[in-house]
Amino acid sequence: MLKINHYLLFVIYVTFSVITLGAYVRLTHAGLGCPDWPGCYGYLIGVPDNALEIAKAENEFSGSVDIGKAWREMIHRYLAGFLGIFIFIISYIFYKNNTSKLFKLSVLISFLVIIQALLGMWTVTLQLQPVIVMMHLVGGFTIISLLWILFLRYNKNQYFNETDLLAKVTSKKIRKLSVFGYIALAVLIIQIMLGGWTSTNYAALACSDFPKCHGFWWPQMDFYGAFIVELATNLNYEFGRLDSPARVAIHFTHRVWAIVATVMIFSLAILSWRSINFSYQKLISTLLIIILFFQILLGILNIKMSLPLYIAVAHNGNAALLLICLITQLYLIRSVKKNL
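To start, this report covers the structure provided alongside it. (Residues numbered from 1 in each chain as written. Predicted model: local features only at pLDDT ≥ 70, side-chain atom pairs only at ≥ 80, totals over all residues. Heavy atoms only, no water.)

Description of helix H2 (residues 51-61)
Between the side-chain oxygen at the start of H2 and the backbone nitrogen of Leu52 there is a gap of 3.1 Å, and the oxygen is on Asn50. Following H2 by one or two positions, Ser62 adopts a phi angle in the positive range, close to 55°. (Polar contact = N/O pair within 3.5 Å; in protein donor to acceptor, adjacent residues only side chain to side chain. Helix = DSSP H or I, 4+ residues; strand = E, 2+ residues; numbered from the N terminus.)

Next comes the structure, spelled out in structure tokens:
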């Protein structure tokens, strides 16, 4: 059991690394550092690194070669490839251990890895099409969430089987808390998708001031242009194609929904703290509030400091931690509900 625990945590850590590295690649404009897939300018191992190879690549692919961007993109691909292998091994482990429910979940995760690889390919071949890039981002968050759920389920008897599980909570109260928790989760998922849409449309600095936007509480915005999905396959979307009012609409929507998400998640943490007398409850609720606070702070700093790379990457990674913490809170609520 201990060895499987360690392996699951290792894979979750690698997944988190892939997510944050993907954000780093995107934010350093290296998403098209390699214009082909799965190789880079025709090389499966390495990238063009001498004058002859670079000249050949530039002639064949009709563009300049940026070795730094190419290496960042390929390192991300290599790490994602190893992650896929690690996840397939998880499925094999649970298959050999005859753990049917956990095996089914691990197979679902393995299937999502294949879909994620296809999205990675389309990200390049469709030249950073925003809806594909956003789906690729959401796919990474989905995989790490399911891996964490797999970890929680594998350890449920160790962490969620205490005698005080039922103390001071009624069936009606926990059902309401469960519904509220799922609504909070849906709100957070929408916020993550809005964050992805903001990033992929290069709208992170569409409003350069805070809390106002261009000096207005309600700036000029084009919501229709902001959220229409363009399905053209022959366009290059690097650095975005939307005009300023559309980008402002995306950014402003992300800000407003952040308020909704903050209220919902903070309320869930407080309600859970007060409703459930469980040894891990105070820790989970406290972590949820702390991570939520840092996510808000990082978002504000992104604007105030004009999107510094380390803050922007941290904002992406902290969103994954916030999602994992909220899922843990929901899992705890479900555990209490099942034991009533």
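Next comes the rest of the description.
A short note on the pattern of salt bridges
Evaluation of the coordinates by the stated rule reveals one salt bridge. Salt-bridge contacts for Arg77 lead to Glu73; the nearest nitrogen and oxygen are separated by 2.9 Å. You can see Arg77 and its partner Glu73 sitting in helix H3 (residues 67-96), four residues apart, about one turn around the helix. Here the two residues Arg77 and Glu73 agree in accessibility, since each one is buried. (Salt bridge = Lys/Arg side-chain N within 4 Å of Asp/Glu carboxyl O. Buried < 20%, exposed > 50% of the residue type's maximum accessible area, 1.4 Å probe, protein only.)

Considerations on the packing of aromatic side chains
Throughout the structure, instances matching the rule amount to eleven aromatic pairs. Centre to centre, the rings of Phe82 and Phe86 are 6.5 Å apart; their planes meet at 25°, and the pair counts as stacked. Placement of the pair is Phe82 and Phe86 together in helix H3, with a separation of four residues, close to one helical turn. With 5.9 Å between their ring centres and 40° between their planes, Tyr202 and Phe239 make a pair best called tilted. One end of the pair, Tyr202, is in the loop between helix H7 (171-200) and helix H8 (223-227); the other, Phe239, is in the loop between H8 and helix H9 (244-275), and 37 residues separate them in sequence. According to the relative accessible area criterion, Tyr202 is partly exposed, its value standing at 23%. Taken together, the aromatic side chains of Tyr7, Phe10, Phe82 and Phe86 make up a single cluster linked through ring pairs. Across from the ring centre of Trp273, 5.1 Å away, lies the NZ or CZ of Lys282, which sits over that ring. (Phe/Tyr/Trp six-rings, centres within 6.5 Å; stacked < 30°, edge-to-face > 60°. Lys NZ or Arg CZ within 6 Å of the ring centre and 35° of its normal.)

Quick notes on helix H10 (residues 281-304)
Taking 1.5 Å as the rise per residue, H10 with 24 residues should run 34 Å; its terminal C-alpha atoms sit 35 Å apart, in good agreement. When H10 is considered as a whole, its buried residues turn out to be Gln281, Ile284, Ser285, Leu288, Ile291, Leu292, Gln295, Leu298, Asn302 and Ile303. Elements in contact with the buried residues of H10: H9 and helix H11 (309-338). Looking one or two residues past H10, Ser306 carries a phi angle of roughly 60°, positive in sign. (Expected span 1.5 Å × (residues − 1). Contact = heavy atoms within 4.5 Å.)

A closer look at the layout of surface pockets
If a probe the size of a water molecule is rolled over the atoms, the empty space left behind becomes visible. Quantified by volume, the largest pocket comes out at close to 1200 Å³. Taken together, 48 residues make up the lining of the largest pocket; nearest its centre are Gln191, His254, Gly299, Asn302 and His315. Elements represented by at least two residues in the lining of the largest pocket include exactly helix H1 (2-27), helix H5 (130-154), H7, H9, H10 and H11. For the lining of the largest pocket, the element with the highest residue contribution is H9, accounting for ten residues. (1 Å grid on protein atoms, 1.4 Å probe; cavity = no way out; pocket = protein on both sides within 12 Å on 5 of 7 lines; lining within 4 Å. Points joined across faces, edges and corners; volume = space filled by probe spheres on them.)

Some words on the state of the cysteines
Taken as a whole, this structure holds two disulfides when the rule is applied. Covalent S-S linkage joins Cys207 and Cys213, the inter-sulfur distance amounting to 1.9 Å. On the sign convention where negative means left-handed, the S-S torsion of about -75° between Cys207 and Cys213 marks this disulfide as left-handed. Residue classification places Cys213 among the buried residues on the basis of a relative accessible area of 0%. Indicated for the protein is the disulfide connectivity 1-2, 3-4, based on numbering the bonded cysteines in sequence order. (Disulfide = S-S within 2.5 Å.)

Quick look at the packing of H10 against H11
With their axes 9 Å apart at the nearest point, H10 and H11 run at an angle of 155° to one another. Accordingly, the angle class assigned to the pair H10 and H11 is roughly antiparallel. Handedness of the H10/H11 crossing: left-handed. Split into classes, the residues belonging to the contact of H10 with H11 amount to 17 nonpolar, nine polar and no charged. (Axes fitted to C-alpha atoms, helices over the stretch in contact; angles between N-to-C directions. Parallel < 35°, antiparallel > 145°, perpendicular 65-115°, else oblique. Left-handed = near helix turned anticlockwise from the far one by under 90°. Nonpolar A, V, L, I, M, F, W, Y, C, P; charged D, E, K, R; others polar.)

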